[in-house]
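Letter by letter, the chains look like this.
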Amino acid sequence: MTKTILVAGGAGYVGSHACLALAENDFTPVVFDNFSNGHKDFVQWGPYVEGDIRDREALKAAFDHYKPIGVMHFAGFIEVGFSVANPAAFYDNNVCGSINLINAAMDSGVKAFVFSSTCATYGEPKYTPIDESHPQNPINPYGNTKLIVEKYLSDLQTYCGFQSIPLRYFNAAGADTEGRIGEKHDPETHAIPIAIEAAMGKRDGFKVLGSDYNTRDGSCIRDYIHVTDLADAHLKALNYLLQGNPGKPFNLGTGTGTSVIELVDNIRDVANQSFEVTMASPRPGDSPTLVAQNSSAFARLGWKPQRDLNTIITDAWNWHQKMEH
Ligand SMILES: NC(=O)c1ccc[n+]([C@@H]2O[C@H](COP(=O)([O-])OP(=O)(O)OC[C@H]3O[C@@H](n4cnc5c(N)ncnc54)[C@H](O)[C@@H]3O)[C@@H](O)[C@H]2O)c1
């Protein structure tokens, strides 16, 4: 029997890696993407529908045609700065679009819904590492839109029995080790690709945003998780729901923090290139330390990250070299 999974936003960075993991595990991923930030050449493991999750008719047609047994939802805007500059557009895409998609999935009898949430739903950490019961108080519209969707899913689970798992990623990074797909955002706001572009001479150096935090070297500490480990967690979450287990949110991180200064040193080593690094003002709303407590995903899903920071940076570096040629 064909096991079809609808992957909303499957032409993007994390979604395309999830499609690869699905195909390697006997599922057929059907990408549903409007290509606003996705890439047609990232769709390599199944068919695609060019459509917008804000378009209910297009969603209904896709569900009627492909009859997916599960949904993975990656579609949306991801940039915090844009969420502050244009909250209305952000809520329209991330909240209204998500509600349409969830309703279409529920109407068509989908049994498993996996949602890309984020550690940004926690806001300022009250303690670290952050576990799933940490209070959720987002500090920007991006985090708010994700939390609203989590709450909608939670209500549907409680009152309608619609099972879902929100996965709260920390910092997604790296690329497929075989170099088939990788990170390609426009604009790029993530530290690893920006530092790699600096090492490749495509940017005038790298700015460390804040060097006066109360951390071991003054720069922010983040938890970088390999995108293939994220994809593996999505697969495990999907199977967990398909086996009839009740949904619940899980953190996806390594549990190890890396400071921005340590990150840049690692990138210099892997690239074997020096580049200018300057200390700049902190970004408003950036927390000093965001590190995941990931033991719940291990206990329930049997998921454990397999790839370390060196693999993340090496795979990202190789992907950027490949894009250049
Ligand atoms: N990248 C990270 O570090 C990170 C961290 C935490 C959470 N997330 C979440 O993971 C998800 C995927 O992130 P990503 O880095 O792969 O982003 P991405 O921009 O690469 O992928 C998003 C995809 O969704 C598509 N899309 C956007 N709006 C759409 C719409 N209305 N209809 C159909 N398709 C639409 C885009 O074209 C793109 O292909 C996002 O929801 C993001 O919030 C990402």
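Residues numbered from 1 in each chain as written. Predicted model: local features only at pLDDT ≥ 70, side-chain atom pairs only at ≥ 80, totals over all residues. Heavy atoms only, no water.

**A closer look at the site of the ligand**
Then step 1. The immediate surroundings of the ligand are formed by 30 residues, with V14, D33, N93, Y142 and K146 found nearest.
Then step 2. Within the backbone of V14, a nitrogen or oxygen atom sits 2.8 Å from an oxygen atom of the ligand.
Then step 3. For the ligand, the accessible surface in isolation is 820 Å², of which the surrounding protein chains cover 97%.
Then step 4. Contributions of two or more residues to the shell around the ligand are made by α1 (13-23), β5 (112-118) and α5 (141-160).
Then step 5. Of the residues forming the shell around the ligand, the biggest block, three residues, is contributed by β5. (Near = heavy atom within 4 Å. Polar contact = N/O pair within 3.5 Å; in protein donor to acceptor, adjacent residues only side chain to side chain. Areas by Shrake-Rupley, 256 points an atom, 1.4 Å probe, with all protein chains shown as cover. Helix = DSSP H or I, 4+ residues; strand = E, 2+ residues; numbered from the N terminus.)

**Brief notes about α1**
Then step 1. Among the eleven residues of α1, ten are classified as buried, and the element is accordingly described as predominantly covered.
Then step 2. Among all positions in α1, only Y13, V14, G15, S16, H17, A18, C19, L20, A21 and L22 are buried.
Then step 3. Where α1 is buried, its residues contact β1 (4-8), β2 (28-33), β4 (70-73), β6 (164-169), β7 (171-173) and α7 (227-242). (Buried < 20%, exposed > 50% of the residue type's maximum accessible area, 1.4 Å probe, protein only. Contact = heavy atoms within 4.5 Å.)

**Section: the sheet that holds β2**
Strand-to-strand pairing in sheets goes through backbone hydrogen bonds, with the strands running parallel or antiparallel.
Then step 1. With parallel pairing, the seven strands of this open sheet are ordered in space as β3-β2-β1-β4-β5-β6-β11. At either margin of the open sheet sits one strand with a lone partner, and together these are β3 (48-50) and β11 (250-252). Neighbouring strand axes in the sheet, compared pairwise and without regard to direction, differ in orientation by 20° on average.
Then step 2. Relative to β3, β2 runs parallel, the two sharing three bridges. Looking across to β3, one finds that D33 is bridged to E50.
Then step 3. Strands in contact with helix α2 (residues 56-66) are β1, β2, β3 and β4; relative to β2, the strand with the most contacts, it is inclined by about 170°. (Pairing = 2+ DSSP bridges. Axes fitted to C-alpha atoms, helices over the stretch in contact; angles between N-to-C directions.)

**Brief notes about the environment of V30**
Then step 1. Inspection of the secondary structure assignment puts V30 in strand β2.
Then step 2. Taking the C-alpha atoms as reference points, V30 and D52, separated by 22 residues in sequence, lie 14 Å from one another.
Then step 3. If near-sequence neighbours (up to four positions away) are discounted, V30 is found in contact with T4, I5, L6, V7, P47, V49 and Y66.

**Some thoughts on the environment of I139**
Then step 1. Structurally, I139 can be placed in the loop between β5 and α5.
Then step 2. Separated by 155 residues in the primary sequence, I139 and N294 place their C-alpha atoms 22 Å from one another.
Then step 3. Contact partners of I139, with chain neighbours within four places excluded, come to G123, E124 and G285.

**Some details on the domain arrangement of the protein chain**
Then step 1. Taken as a whole, the protein chain is organised into domain 1 (4-173 + 224-252) and domain 2 (191-222 + 255-324).
Then step 2. Centre-to-centre, using C-alpha coordinates, domain 1 lies 24 Å away from domain 2.
Then step 3. Tallying the contact residues gives 29 residues for domain 1 and 28 residues for domain 2.
Then step 4. In this assembly, domain 1 packs against domain 2 so that about 2,500 Å² is buried in total across both faces, 67% of it on carbon and sulfur atoms.
Then step 5. The largest per-residue losses of area from domain 1 upon contact with domain 2 belong to Y224, H226 and D229, which jointly make up 29% of the total buried on that side.
Then step 6. Scanning the region where domain 1 abuts domain 2 turns up one salt bridge.
Then step 7. Between domain 1 and domain 2 we count eight residue pairs in polar contact (both at pLDDT 80 or more) in total.
Then step 8. Counting only elements with at least two residues in the side of domain 1 that touches domain 2, the list comes to β7, β10 (224-226), α7 and β11. (Domains from an automatic or database assignment. Buried area = accessible area lost by both parts, 1.4 Å probe. Salt bridge = Lys/Arg side-chain N within 4 Å of Asp/Glu carboxyl O.)

**Focus on the layout of surface pockets**
Then step 1. Of the voids in this model, the second largest pocket is the one considered here, and its volume is about 190 Å³.
Then step 2. Residue lining of the second largest pocket: R56, E57, L59, K60, F63, D64, N100, N103, A104, D107 and S108, and that is the complete set.
Then step 3. Tallying contributions element by element places α2 first for the lining of the second largest pocket, with six residues.
Then step 4. Residue classes in the lining of the second largest pocket are distributed as three nonpolar, three polar and five charged. (1 Å grid on protein atoms, 1.4 Å probe; cavity = no way out; pocket = protein on both sides within 12 Å on 5 of 7 lines; lining within 4 Å. Points joined across faces, edges and corners; volume = space filled by probe spheres on them. Nonpolar A, V, L, I, M, F, W, Y, C, P; charged D, E, K, R; others polar.)

**Digging into the pattern of salt bridges**
Then step 1. For the structure on display, the rule yields 16 salt bridges.
Then step 2. Note that E150 and R168 form a salt bridge whose closest N and O atoms lie 2.7 Å from each other. Pair noted here: E150 is in helix α5 and R168 is in strand β6, with a separation of 18 residues, a long-range link. Accessibility classification places E150 together with R168 in one group, the buried group.
Then step 3. Across the pair R307 and D229 runs a salt bridge, and its minimum N-O distance is 2.6 Å. With a gap of 78 residues between them, R307 in the loop between α9 (295-301) and α10 (309-324) and D229 in helix α7 connect regions that are remote in the sequence.
Then step 4. The exposure class of D229 is buried, given its relative accessible area of 0%.
Then step 5. Overlapping salt bridges, with partners in common, bring together D52, R54 and D92 in one network.

**A closer look at the pairing of strand β8 (residues 206-209)**
Then step 1. Judged by which residues are buried, β8 turns out to be one-sided: F206 and V208 face inward and are buried, whereas K207 and L209, on the alternate face, are not.
Then step 2. Sheet topology places β8 next to strand β13 (residues 277-280); four bridges connect them, and they run parallel. Following the sheet pairing, L209 is matched in β13 by A280.

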